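A closer look at the structure
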Amino acid sequence: MSLEEIIQNIKPLDEKAMDLCAKRWNTLGKPLYSLGRLEEMVIQMAGIYRHPMARPKKKAVIVMAADNGVVAEGVTQTGQEVTKIVTENMTKKNASICVFSSMSGADVYPVDIGIVTEVDNPKIIHKKVKYGTDNMAKGPAMTREEAVEAILKGVEVTKELIDQGYDLFATGEMGIGNTTTSSAICAVLLNESVEKVTGKGAGLTSEALLHKIQIIKDSIALNQPDPNDPIDVLAKVGGLDIAGLAGVFLGAAYYGKAVFVDGFISSVAALVATRIAPICKNYIFPSHCSNEPAGRMVLEAMDMEPYILANMCLGEGTGAVMGFTICDYAMKAYHEIPSFEETKFGTYEPLD
């Protein structure tokens, strides 16, 4: 299936299911609209799953792992070997995302979409497009064809997990140097200064931050990404992890499933996806606002309000799975708060 076919076949939300869901909320034994955004979340879920009694249950965190050639410019505190180490740790359940996901009953699926070395681990999903991106300070990070391939790999992973029964998703990433690529994409797509959108990432000094900013500026000047063409921006100054995550957002929308976006890097991937296919925004839930400088800016560009403000910037999907927990509260309230009287849904029947 081509990317164009996916984009053209993403459906609008089911308005009838959403209307019936909203009406049911108003029959429950509580003050009207008193659960605020929890009610809105369930209504949106009804539209996504096309049923007023929808209740997604089986959760997966898709963690895209990839390396970035721009690390050669000294924009990070750690080396590329860390990407593989942390990704491997996810299979042993001792990475941060594994600890967090255990609270919401979610399964973690790390995906090698571009780790710079071979990864021989059957617990990692192998979708490698190339062995890390090229150094964007010397030329495009990847070709347009590679960027599209990575997007389609993200769609592919989502479909494979749906076939295993998963019906609710969260995004995460692992890749040394990916705050650099995310800041570059953000600067171009939002037409903002590099200084405004770039942070220290994983612990850079103030002096190192200035160097990072200059490298991003130089990379944008060299590659001249087209802000009106999100795939061009992704290919020239982006990363394989971001491309794969964009595919997850598009894939979830295409297959009619909800997906929680994590922090800055995942939000930038969501921004790319919504620029490629604006309709996919309806399937995305903003879990939290990253503490990176442009965390809120990216969400605002998509007209999204985060559910959590906790100054987090860990990545891996740690904020997104907290969104799962909020969803659990919302669904439990909707399905289990007693109603004032029986509600009739016409031809709709409650789902198991």
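Calculation criteria
Residues numbered from 1 in each chain as written. Predicted model: local features only at pLDDT ≥ 70, side-chain atom pairs only at ≥ 80, totals over all residues. Heavy atoms only, no water. Helix = DSSP H or I, 4+ residues; strand = E, 2+ residues; numbered from the N terminus. Rg over C-alpha atoms; globule rule 2.2 N^0.38 Å. Contact = heavy atoms within 4.5 Å. Areas by Shrake-Rupley, 256 points an atom, 1.4 Å probe, with all protein chains shown as cover. Lys, Arg positive; Asp, Glu negative; His and termini not counted. Charge placed at Lys NZ, Arg CZ, Asp CG, Glu CD. Phe/Tyr/Trp six-rings, centres within 6.5 Å; stacked < 30°, edge-to-face > 60°. Lys NZ or Arg CZ within 6 Å of the ring centre and 35° of its normal. Core = buried A, V, L, I, M, F, W, Y, C linked by side-chain atoms within 4.5 Å. Buried < 20%, exposed > 50% of the residue type's maximum accessible area, 1.4 Å probe, protein only. Axes fitted to C-alpha atoms, helices over the stretch in contact; angles between N-to-C directions. Parallel < 35°, antiparallel > 145°, perpendicular 65-115°, else oblique. Left-handed = near helix turned anticlockwise from the far one by under 90°. Nonpolar A, V, L, I, M, F, W, Y, C, P; charged D, E, K, R; others polar.

It is worth spelling out the overall build of the chain at this point. Summing up its helical and strand segments, the chain has 14 helices and six strands in all. In terms of overall dimensions, the chain is globule-like: its C-alpha atoms have a radius of gyration of 20 Å, near the 20 Å expected for 352 residues. Considering only C-alpha atoms, the chain reaches an extent of 65 × 40 × 40 Å along its principal axes. Sequence separation of at least 24 residues holds for 76% of the intrachain contacts in the chain that already meet a minimum separation of 6. Summing over all exposed atoms, the chain offers an accessible surface of approximately 14400 Å²; the carbon and sulfur share of this is 52%. Of the charged side chains in the chain, 33 are positive and 44 negative; the average position of the first set lies 4 Å away from that of the second.

For the rest of this paragraph, the subject is the packing of aromatic side chains. In total, this model carries five aromatic pairs according to the counting rule given. Aromatic rings pair up to connect Phe260, Phe285 and Phe324 into one cluster. The cationic tip of Lys58 hangs over the ring face of Tyr166; the distance from NZ or CZ to the ring centre is 4.5 Å.

We now examine the nonpolar core. Membership of the largest hydrophobic core comes to 121 residues, with the highest contact counts inside it found for Met45, Val61, Ile185, Phe249, Leu250, Phe260 and Val298. Per-element tally for this core: the top contributor is helix α11 (residues 240-254), with ten residues. Ignoring any residue separated from it by four or fewer positions in sequence, one finds Leu250 in contact with Leu3, Ile6, Ile10, Ile151, Ala273, Ile276, Ala277 and Cys280.

The next subject is the packing of α11 against helix α12 (residues 264-276). The description of two helices packed together rests on the angle between their axes and the distance between the axes. The interhelical angle for the contact between α11 and α12, taken along N-to-C directions, is 60°, at an axis separation of 8 Å. Taken as axis vectors, α11 and α12 run oblique relative to one another. For the element pair α11 and α12, the recorded crossing hand is right-handed. Residue-level contacts link Ile242, Leu245, Ala246, Phe249 and Leu250 of α11 to Ile265, Ser266, Val268, Ala269, Ala270, Val272, Ala273 and Ile276 of α12. Residue composition of the contact of α11 with α12, by class: twelve nonpolar, one polar and no charged.

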